[in-house]
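Structural description and commentary
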Amino acid sequence: MTDKKTPLLDELEKGKWPSFVTEMKRAAVKSEAAGELLQVLERSYRERRGHWKHGGIVGVRGYGGGVIGRYVDEPETYPNVAEFHTVRINQPSGFFYNTKTLRTICDIWAKYGSGLTNMHGSTGDVILLGCKTEDIQTIFDEYSEAGFDLGGSGSCLRTTNCCVGPGRCEYACYDTLEACYNITNEFMDELHRPMWPYKSKIKFSGCANDCTGAIARADISVIGTWRDSLIIDQAAVKEYAANQFDIQGQVCDKCPTSCLKFNSEAQELTVNADDCTRCMHCINVMPKAIQAGKEKGASILVGGKSTIVQSAFMSSVIVPFMKMDAENDYEEFKDLVRRIWEWWDENGKSRERLGELIYRVGMGRFLREADIPPVPQMVFRPRANPYVFWPQDELDRSGTALDGSKL
Amino acid sequence: MTDKKTPLLDELEKGKWPSFVTEMKRAAVKSEAAGELLQVLERSYRERRGHWKHGGIVGVRGYGGGVIGRYVDEPETYPNVAEFHTVRINQPSGFFYNTKTLRTICDIWAKYGSGLTNMHGSTGDVILLGCKTEDIQTIFDEYSEAGFDLGGSGSCLRTTNCCVGPGRCEYACYDTLEACYNITNEFMDELHRPMWPYKSKIKFSGCANDCTGAIARADISVIGTWRDSLIIDQAAVKEYAANQFDIQGQVCDKCPTSCLKFNSEAQELTVNADDCTRCMHCINVMPKAIQAGKEKGASILVGGKSTIVQSAFMSSVIVPFMKMDAENDYEEFKDLVRRIWEWWDENGKSRERLGELIYRVGMGRFLREADIPPVPQMVFRPRANPYVFWPQDELDRSGTALDGSKL
Amino acid sequence: MAKLDQGPPNYKEMLPPVILENYGKWKYHEIPQPGVLKHVAESGAALYSVRVGSPRLLSIDTISEVCDFADQYCEGYLRFTTRNNIEFLVSDEAKVNPLIDALTAKGYSVGGTGASISNVIHTQGWVHCHTPATDASGVVKAVMDDLYEYFTSMKLPAKLKMGLACCLNMCGSTHCSDIGIVGVHRTPPRIDHEKLRKTTEIPTLVASCPTGAIRPDPKNKSVIVNEDKCMYCGNCYTMSPAMEIYDPKNDGIAILIGGKVSNARTAPSFSRMVIPFLPNNPPRWPEVTEAIRSILELWIANARQGERLGEWVERIGWEKFFSLSGLPFSDMLIDDYIFARDTFRTSAGFKY
Amino acid sequence: MAKLDQGPPNYKEMLPPVILENYGKWKYHEIPQPGVLKHVAESGAALYSVRVGSPRLLSIDTISEVCDFADQYCEGYLRFTTRNNIEFLVSDEAKVNPLIDALTAKGYSVGGTGASISNVIHTQGWVHCHTPATDASGVVKAVMDDLYEYFTSMKLPAKLKMGLACCLNMCGSTHCSDIGIVGVHRTPPRIDHEKLRKTTEIPTLVASCPTGAIRPDPKNKSVIVNEDKCMYCGNCYTMSPAMEIYDPKNDGIAILIGGKVSNARTAPSFSRMVIPFLPNNPPRWPEVTEAIRSILELWIANARQGERLGEWVERIGWEKFFSLSGLPFSDMLIDDYIFARDTFRTSAGFKY
Ligand code: SRM
Ligand code: SRM
Ligand code: SRM
Ligand code: SRM
Ligand code: SF4
Ligand code: SF4
Ligand code: SF4
Ligand code: SF4
Ligand code: SF4
Ligand code: SF4
Ligand code: SF4
Ligand code: SF4
């Protein structure tokens, strides 16, 4: 048996920020596994290294993912965390809960798990932290019974997520919560049964503030925007001015395209809508006076991912504007991502994310083969090199031959 | 014999811009080769293709380069340009000439060549356009006798060039003419006897206006600059203001670092020298009022080249500031380029320019091995990926072993 | 038997009445005090969100406690943010302050809105993952304790978004954060040849190395690592348990700064490395907290109102940042990977 | 026997007295009229440089004629510019206008200073090189004839620097020009296997291909080109005369714009492709002259004073440039080479 003291971790109960050590201790009151986890972690703190091993394959019937296998490296010393797998439960859109649902999550977890969770994982799931192989199926069965489903892991569509959107935010340009819910349900097979070269992620942000960090973190980023001019309420502008808010300095001067003019005499703010890139800045600082336009929808960007292997990629524009209405069941979007995934699945190497594949074979080929019309909005600027591929069958090659014959 | 008419080329004698066709015809009066060149070119215009073949190796005794071999593809039809090599004569610094020198160039060329030249080639040489193999040595001998030398070709130091500099320009921060002359003479062997993986070019610009295009076109770019504050003549500022010159709009607002303040009441212009990046803009638009600082020298940037193979590279900073004084015979500079060339020569693959090599093996390795201290001025911004190499012998590796032994 | 593919719970059942009634009809918001968002709908109705810091690693007991609060003050509704804070959704203005008082009394921290530091997005670390070069929760705790005042106030030049990832897989998405904390290894993997032969497909392993440092060793039925080419990313360890890479003496933390994700004003941008290595010094990682605090204070002292950390650095120039911060610059901070070229200063314009 | 390594003639012998006397002591300059630079020295002395357009390809007769002018008006001194213009160096103010009159009478063009179009840096083309996809001098002549008024006046928003290269080797350094004209091939090389066997080292040839389109064909003792991978750069032809790449039906010209080299205001920048192909239509290349003129006029109509072409486009955005210019956008304009990634719009901000 190991020493139960955790002098190093105890240090992390001090200070004002809520302590995860306190949480672990709280769980340890009821769970031996949680107690042993504290021991393992204390040892990591002492030795400055982790003590977890690669996961073997663990899972539930009918699914290829949703559980991350984890084993401690000295099972004899720590028998209660010898197996310590995490279960990923697909969170509701926007991380909204009623307490009944939350309590249900806790109750089932109390029976089989460590009593520890992550609310939430970095992708979005409810992470149930630490259980035994033998309990996995039961855990899933009970959660399933209670109306929950597993999230993604492995080479599949990962658990989607979205910002609070129309649930609370005045900036939302489409219904992120519904889009996320509807589209996740559409792609249940892709989410639960790994089938691709690697993982693929979708995140839904209601506007260009991108509160889900989609552009940095999602293979497919859906960013709310509008097509027409933003709307300015001049009465509200006057009120901001009356309150000594520095409209010229804080709004106009910071507009990236200098398309806002403030007439300080008339106290009127006007926009040159053609030049506005819908960056959200002016709306952010004057939410009472400026609103998005009326013709709302989303920009679709693809290819985001973090560091491994080719270094981090951000998503880039492939559809400048798409309607995202529940009425048409998001058909246009679904159709697009199906084409994209199919292309990626066919061409991607093992562990090659969409962005890396596009980079490797070229954006042009991607657009042609996934049938996406090229537009200048896709690039910050055109190519600097003259290395253009020409479709050979569109040229008149009657004068040429690969055999060196003279022309 | 070919038809002597050149109807297509004749079209290019029309219009106001001076005509190269007229030049060719002028030469053709005395030179049969020039006349045949017109025929070959007319045919190219008709057929929309070139008619020149790869050069065999032609040259002069003692040198590895300086002459570009060129042969027409139908020597029977065009016997006078069957051999039509170009000779590269190293131009004087700044392309300055007295007429005696120019006439000498013409006189010798009249004897052996087509009577056609390029004043100058894109690298800088006087290009003597078209002569026969048998005459090359004589041509060189006579030019040599008259005080000229050949320029570079092949995998060597190419003919250097420089801007007009102190010869006429008030902006020159070092003596470009002398630096170019002195340094070219230092590296005669490197220039005349190809010895490297590929070509290497040096261009000298007296200030950041870079009138030689060095940053785009030279492996080693020497750009004049200064270390202290620029100097503002307030009396002259007042004169600009008096002449209705829009100092705020044309100068201050366009300063990339917003470090110029114009006090329109006092009609005074002041600079925050710490923030000035010495971009030259304010000096360019107010040459009578603003001057470079007193502590002058140059920034050294390396790696520029055009498109082939890895696409075009621009030179990037490796020494932010270096004195470039004739007094010390440019020793610091010469020493630096020697270290750089040596490293490149050792590590470069065939036809790999310096910039491509640095890119391939990493700037860090280049700096360490060529003994150049890293400074933040070398980069627009630091790395975004965490893929850092650590010198393993500086770490305490007592706890690790490559054999998998536990720690 | 479990129902397959039933999908996540329907969010509609999770929404309080005030949201259902004003769904998509929000008009504007205010931040009446740090940690409280007031969203006003076209109907005039208002929703108060009280934001509370969370260690993210939560026990079910704490979740129950949180539910108790929600039941008492929020008709049983709450949510989490994309940064793992808890938001109590209060529709009755009168309950806002009592809720805050009750929360405070129990040691909860209200804050994280507006120009503040919000929660740190982070990962598993030594708690659960097999590849970490540092812990996650512990570092976050140490950093947030140190910067606590900036969570509960809104006195920064702008929002500050931090991320922590315990290895280069960067699950914490630190690559576009104002401040990114990344666990880094510094020594090549150690090969357990026996284990390798049992567990690993050699071609896949060889292919996994970004720098081509691994080559097959057919004689030995294993692989060889070219130490000079390895930059310790650990991707080979992800592929094979026989490529152990943790190293207590040399693992630690790198600091990257200046990234952002929002499109406001400037395009999303990557974080950039300013400190290649700080030691793992548990339990409180003083070198890390100190480095972050001094970067933060420099930003506070020098940035303009509304200027995010990276916007400030880009305005003054990275070379200026290094001279102001006194952080040592070394060749390690110069990119030498695929997209390095565009980071080189191809211009004679710079500050000394 | 020739003297080896004596180096170029000493520039000091080439300098007129006014320069020798005021060397490095110039104070300021003015442009009293298009084509004339007046440099004033600290001593008060003035040097007038009269700039004259040149086709660069000069006969020795013309050079002699130029010398005659210099002897008569410039004490025998002149120079060429880095853009191949001729500069007559006049130290006697009274001789400036007579010189200009004499030059004009002989058909010489005075101009190219200040906010004008200067000479086009260019290359050999069909006149002398073996790899061109278009002619050089002819295209330049056609373009300069068309834009002649902008050479002799200074009414542009800023300087306009053009470059032409007749193949992707880009000897004309078009890659950082306001407007770059580049000869491009569009079909893969045709292999003359017999010649290849005689002339070419196969490994070097294979290595020369940027996209790895060439692979050895040991059976045939030659190589095979994968047409799908070839982007017609012609580098293989540079390495081997057996890889003929010219193709009269498909060779032509691409237009790149917006580059610059000076560090004034903004960093040096690459030119960007806006037209992937225009046909070779000698002798006057009307499609090319027209395309350039319309880009130029758009710039003139829309740029701010002092704004170079690329600065203008960057300010309004490339997507806006395409909508204003009406130039068709296609996937060919999207980069797919090594540094492509940084050209992708990783931002939701753009104009429609
Ligand atoms: C649990 C979680 C971190 C957390 O504490 O929140 C996590 C944990 C792991 N991630 Fe992750 N990733 C998690 C979100 C992310 C994110 C963030 C996101 O999704 O927004 C990223 C960056 C975005 C992206 O996808 O690029 C991320 C990028 C990676 C990568 C690198 C992928 C790449 O293409 O660069 C790997 C490596 C791999 O897949 O082999 C990885 C691999 C892993 C593995 C499975 C380690 C492994 O190789 O087996 C970790 C299991 C830890 C464990 O023991 O539970 N994880 N991972 C997150 C998932 C929780 C959830 O489902 O909600
Ligand atoms: C004559 C000249 C063009 C002109 O009309 O002015 C020229 C002509 C040739 N260049 Fe060049 N280059 C000339 C300046 C340049 C420049 C401009 C410069 O130096 O500032 C460049 C771009 C800058 C650079 O160095 O990158 C240039 C980049 C190339 C390249 C591509 C190099 C690269 O790394 O990307 C090649 C290809 C090669 O070397 O195999 C090349 C190759 C050639 C060859 C030798 C063709 C060949 O492969 O054999 C051409 C011989 C033409 C002929 O028949 O005379 N030439 N070449 C220029 C030299 C004249 C002189 O000595 O003054
Ligand atoms: C609750 C949350 C959405 C959610 O679905 O959970 C949210 C909510 C709001 N965000 Fe956000 N953002 C949330 C994560 C984000 C993220 C993602 C992240 O943090 O990882 C971003 C992008 C981060 C980045 O750029 O690096 C984000 C970038 C913004 C911005 C842009 C700030 C900027 O100037 O760059 C705004 C606009 C503003 O604050 O002026 C914004 C504005 C807002 C507003 C004011 C929108 C509104 O009217 O309701 C919300 C209150 C902000 C506040 O806290 O002051 N939100 N916001 C997330 C809260 C996280 C947290 O607990 O702190
Ligand atoms: C004569 C010459 C130098 C030489 O050694 O031959 C020269 C001479 C001058 N340059 Fe230059 N530049 C010369 C090529 C260049 C080049 C290189 C090129 O053209 O390929 C550049 C960089 C081009 C680029 O950026 O793409 C160049 C960028 C400048 C600039 C920066 C302009 C800008 O705002 O970006 C200035 C400043 C200005 O004009 O305000 C400048 C200013 C000047 C001044 C005013 C300097 C002075 O005080 O004497 C000279 C007269 C300029 C004029 O024509 O109005 N010079 N200048 C070159 C004339 C070429 C020609 O015949 O047209
Ligand atoms: S992304 Fe936009 S719509 Fe969504 S929560 Fe953030 S600010 Fe609101
Ligand atoms: S949304 Fe952005 S670009 Fe548009 S007007 Fe507002 S600040 Fe300017
Ligand atoms: S580079 Fe500078 S010093 Fe040289 S000619 Fe141009 S402006 Fe003058
Ligand atoms: S040289 Fe450039 S950076 Fe310096 S003050 Fe003048 S305009 Fe500003
Ligand atoms: S960042 Fe690395 S160590 Fe941390 S959870 Fe993700 S995979 Fe594991
Ligand atoms: S740690 Fe990374 S770089 Fe080193 S051998 Fe493994 S995969 Fe290659
Ligand atoms: S650009 Fe190409 S074709 Fe033209 S001179 Fe240079 S190498 Fe020859
Ligand atoms: S033309 Fe260029 S891309 Fe095509 S085969 Fe030759 S070297 Fe390769």
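Residues numbered from 1 in each chain as written. Chains lettered and ligands numbered in written order. Predicted model: local features only at pLDDT ≥ 70, side-chain atom pairs only at ≥ 80, totals over all residues. Heavy atoms only, no water.

Some details on the overall build of chain C
Of regular secondary structure, chain C possesses 11 helices and 14 strands. The dimensions of chain C, computed from C-alpha atoms along their principal axes, are 75 × 65 × 35 Å. Taking the intrachain contacts of chain C between residues at least 6 apart in sequence as the baseline, contacts between residues at least 24 apart amount to 63%. With the model as given, the accessible surface of chain C reaches about 10,900 Å², and the carbon-plus-sulfur share is 50%. With 37 positive and 39 negative side-chain charges, chain C shows a separation of 4 Å between the mean positions of the two kinds. (Helix = DSSP H or I, 4+ residues; strand = E, 2+ residues; numbered from the N terminus. Contact = heavy atoms within 4.5 Å. Areas by Shrake-Rupley, 256 points an atom, 1.4 Å probe, with all protein chains shown as cover. Lys, Arg positive; Asp, Glu negative; His and termini not counted. Charge placed at Lys NZ, Arg CZ, Asp CG, Glu CD.)

Comments concerning the coordination of the iron atom of ligand 4
Coordination of the iron atom of ligand 4 by the protein comes from a single atom, B:Cys211 (SG), at 2.3 Å. Mapped onto the elements of the fold, B:Cys211 is located in the loop between strand 9 (202-205) and helix 8 (214-217). (Donors = N, O, S within 2.8 Å, 3.2 Å for Na, K, Ca; no water.)

Looking at the confidence of the model for chain C
Detailed reading of the predicted model is not advised wherever pLDDT is low. Chain-level pLDDT for chain C is 97 on average; 100% of the residues reach the 70-or-more range. Across the interfaces of the predicted complex, the ipTM metric reaches 0.97, alongside a pTM of 0.97. (pLDDT = per-residue confidence, 0-100.)

Some points on the side chain of D:Thr174
Residues and elements named next belong to chain D. Considering the arrangement of structural elements, one finds Thr 174 in the loop between strand 7 (162-165) and strand 8 (179-184). For Thr 174, a relative accessible area of 0% gives the class buried. What Thr 174 contacts, discounting residues up to four positions off in sequence, is Gly 163, Leu 164, Ala 165, Gly 180, Ile 181, Val 182 and Ser 271. (Buried < 20%, exposed > 50% of the residue type's maximum accessible area, 1.4 Å probe, protein only.)

Comments concerning the sheet that holds strand 6 (residues 116-119) of chain B
The five strands are arranged 2(B)-4(B)-7(B)-6(B)-4(D) in an open sheet whose pairing can be described as antiparallel. Since the sheet does not close on itself, it has two edges, and those belong to strand 2 (67-68) of chain B together with strand 4 (57-59) of chain D, each with one partner. For strand 6 of chain B and strand 7 (residues 126-131) of chain B, the ladder comprises three bridges, and the chain directions are antiparallel. Bridge pairing in strand 7 of chain B links B:Met119 to B:Val126. (Pairing = 2+ DSSP bridges.)

Quick word on the site of ligand 2
The local shell around ligand 2 holds 32 residues, among which B:Arg70, B:Asp125, B:Lys201, B:Ile308 and D:Cys171 are the closest. Residues lining ligand 2 come from chains B and D. At 3.0 Å from an oxygen atom of ligand 2 is found a side-chain nitrogen or oxygen belonging to B:Arg217. One of the side-chain nitrogen or oxygen atoms of B:Arg351 is found 3.0 Å away from an oxygen atom of ligand 2. (Near = heavy atom within 4 Å. Polar contact = N/O pair within 3.5 Å; in protein donor to acceptor, adjacent residues only side chain to side chain.)

As for the interface of chain A and chain D
At the junction of the two partners, chain A supplies 61 residues and chain D supplies 56 residues. Interface area, chain A with chain D, both sides summed: about 5,800 Å², of which 61% is carbon and sulfur. Summed over the three residues of chain A that lose the most area to chain D, namely A:Phe380, A:Arg383 and A:Trp390, the buried surface amounts to 13% of that side. Counting every contact that joins chain A to chain D gives eight salt bridges. Across the salt bridge formed by D:Asp336 and A:Arg383, the nearest N and O atoms sit 2.8 Å from each other. Linking chain A to chain D there are 27 residue pairs in polar contact (both at pLDDT 80 or more). When contributions to the side of chain A that touches chain D are tallied by element, the ones reaching two or more residues are strand 10 (220-226), strand 15 (296-302), strand 16 (316-322) and helix 14 (363-369) of chain A. Taken together, the residues of the side of chain A that touches chain D sort by class into 33 nonpolar, 17 polar and 11 charged. (Buried area = accessible area lost by both parts, 1.4 Å probe. Salt bridge = Lys/Arg side-chain N within 4 Å of Asp/Glu carboxyl O. Nonpolar A, V, L, I, M, F, W, Y, C, P; charged D, E, K, R; others polar.)

A few points about the site of ligand 3
Surveying the vicinity of ligand 3 reveals 34 residues, the closest of which are A:Cys211, C:Thr81, C:Arg83, C:Ser118 and C:Arg308. Between an oxygen atom of ligand 3 and a side-chain N or O atom of C:Asn85, the distance comes to 2.7 Å. Listing elements by their share of the shell around ligand 3, those giving two or more residues are strand 1 (26-33) and strand 2 (36-41) of chain C.

Regarding the state of the cysteines
Residues and elements named next belong to chain A. Scanning the model with the defined rule gives zero disulfides over all chains in all. Looking at the unpaired Cys 162, the closest cysteine sulfur is the one in Cys 180, lying at 4.1 Å. The class of Cys 162 is buried, set by a relative accessible area of 0%. (Disulfide = S-S within 2.5 Å.)

What to know about the pairing of strand 16 of chain A
Residue and element names in this part refer to chain A. Taken across its seven residues, strand 16 has seven buried, putting it largely inside the fold. Bridge count for strand 15 against strand 16 is four bridges, and the pairing is antiparallel. When the bridges of strand 16 are listed, Leu 301 appears paired with Val 317.

A look at the packing of aromatic side chains
Evaluation of the coordinates by the stated rule reveals 56 aromatic pairs over all chains. Ring centres 5.7 Å apart and planes at 85° place the aromatic pair B:Tyr97 and D:Phe80 in the edge-to-face group. Highlighted residues: B:Tyr97 in strand 5 (residues 96-98) and D:Phe80 in strand 5 (residues 77-80), drawn from two different chains. As far as burial versus exposure is concerned, B:Tyr97 and D:Phe80 are alike and both buried. Residues B:Trp390 and C:Phe277 carry aromatic rings whose centres are separated by 5.8 Å and whose planes lie at 75° to one another, so their mutual orientation is edge-to-face. On the criterion of chain membership, the pair formed by B:Trp390 in the segment after helix 14 (363-369) and C:Phe277 in strand 14 (residues 272-279) is interchain, its members lying in two chains. For B:Trp390, a relative accessible area of 14% corresponds to the buried category. On the basis of relative accessible area, C:Phe277 is assigned to the buried category, the value being 17%. Joined through ring pairs, the aromatic side chains of C:Trp312, C:Trp318, C:Phe321, C:Phe322 and C:Phe329 make up one cluster. The ring of C:Phe350 has B:Arg278 lying over it, and the distance from NZ or CZ to the ring centre is 4.8 Å. (Phe/Tyr/Trp six-rings, centres within 6.5 Å; stacked < 30°, edge-to-face > 60°. Lys NZ or Arg CZ within 6 Å of the ring centre and 35° of its normal.)

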